[in-house]
Amino acid sequence: MWSILADLFIGLFEFIADVFLFRRLRRTHGRQGRSVTEDTLAVARFDFVTLVLIALVSAALMLVLSFGFGVPAGWSVGIGITVGAIWGVWRYRQLVHE
């Protein structure tokens, strides 16, 4: 039970840290300041919608490459992770520069 509570506390702390990091990045790039609520919703949408979508697409790409085209499992996993990481960084940069 303590591990579940610790995970929840760490997850909440990480989310709050993400919001403050996001606000600081936007401020350093000279973007217009928004309310904390808008930034919190933007980070939540990125964390829970965009990243889940990227993970699902990356997993599907791995499976298609491995089973559909006969690419070795190591290569398909590497390609899927690389595509997901590049896409995630690109989306986060878009979010910061909005």
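Scroll up a little and you will see the structure.
Residues numbered from 1 in each chain as written. Predicted model: local features only at pLDDT ≥ 70, side-chain atom pairs only at ≥ 80, totals over all residues. Heavy atoms only, no water.

**Q** Just give me the short version of the packing of helix α1 (residues 2-28) against helix α2 (residues 36-68), but keep the residues and values in it.
**A** Here α1 crosses α2 at 115 degrees, and the two axes come no closer than 9 Å. Here α2 runs roughly perpendicular to α1, going by the angle between their axes. Seen from above, α1 lies across α2 with right-handed handedness. Facing α1, whose interface residues are Phe15, Asp18, Val19, Phe22, Arg23 and Arg26, α2 presents Val36, Asp39, Thr40, Ala42, Val43, Ala44 and Asp47. (Axes fitted to C-alpha atoms, helices over the stretch in contact; angles between N-to-C directions. Helix = DSSP H or I, 4+ residues; strand = E, 2+ residues; numbered from the N terminus. Parallel < 35°, antiparallel > 145°, perpendicular 65-115°, else oblique. Left-handed = near helix turned anticlockwise from the far one by under 90°. Contact = heavy atoms within 4.5 Å.)

**Q** Could you give an account of the nonpolar core, naming the residues involved and the relevant values?
**A** Residues Phe15, Val19, Phe22, Ala42, Val43, Phe46, Leu95 and Val96 constitute the largest nonpolar core, which totals 8 residues. Taken together, the elements giving at least two residues each to this core come down to α1, α2 and α3 (73-96). (Core = buried A, V, L, I, M, F, W, Y, C linked by side-chain atoms within 4.5 Å. Buried < 20%, exposed > 50% of the residue type's maximum accessible area, 1.4 Å probe, protein only.)

**Q** Give me α1: which residues, what numbers.
**A** Structurally, the α-helix is built with 3.6 residues per turn, so residues lying three or four positions apart point the same way. An ideal rise of 1.5 Å per residue puts 39 Å on 27 residues; α1 measures up with 38 Å between its terminal C-alpha atoms. Among all positions in α1, only Phe15, Val19, Phe22 and Arg26 are buried. The inward-facing, buried residues of α1 contact α2 and α3. (Expected span 1.5 Å × (residues − 1).)

**Q** Explain the pattern of salt bridges to me, and be specific about the residues and the numbers.
**A** Side chains that differ in sign of charge can pair as their charged atoms come close. Within the structure shown, the criterion is met by 3 salt bridges. Shared partners join several salt bridges into a network, and the residues in it are Arg23, Arg34, Asp39 and Glu98. (Salt bridge = Lys/Arg side-chain N within 4 Å of Asp/Glu carboxyl O.)

**Q** Quick one: what's the story with α3, residue by residue and with numbers?
**A** The end-to-end C-alpha distance of α3, which contains 24 residues, comes to 34 Å, matching closely the 34 Å that a straight helix rising 1.5 Å per residue would cover. Here α3 has its buried residues at Ser76, Gly80, Gly84, Gly88, Leu95 and Val96. In this structure, the buried side of α3 is in contact with α1 and α2.

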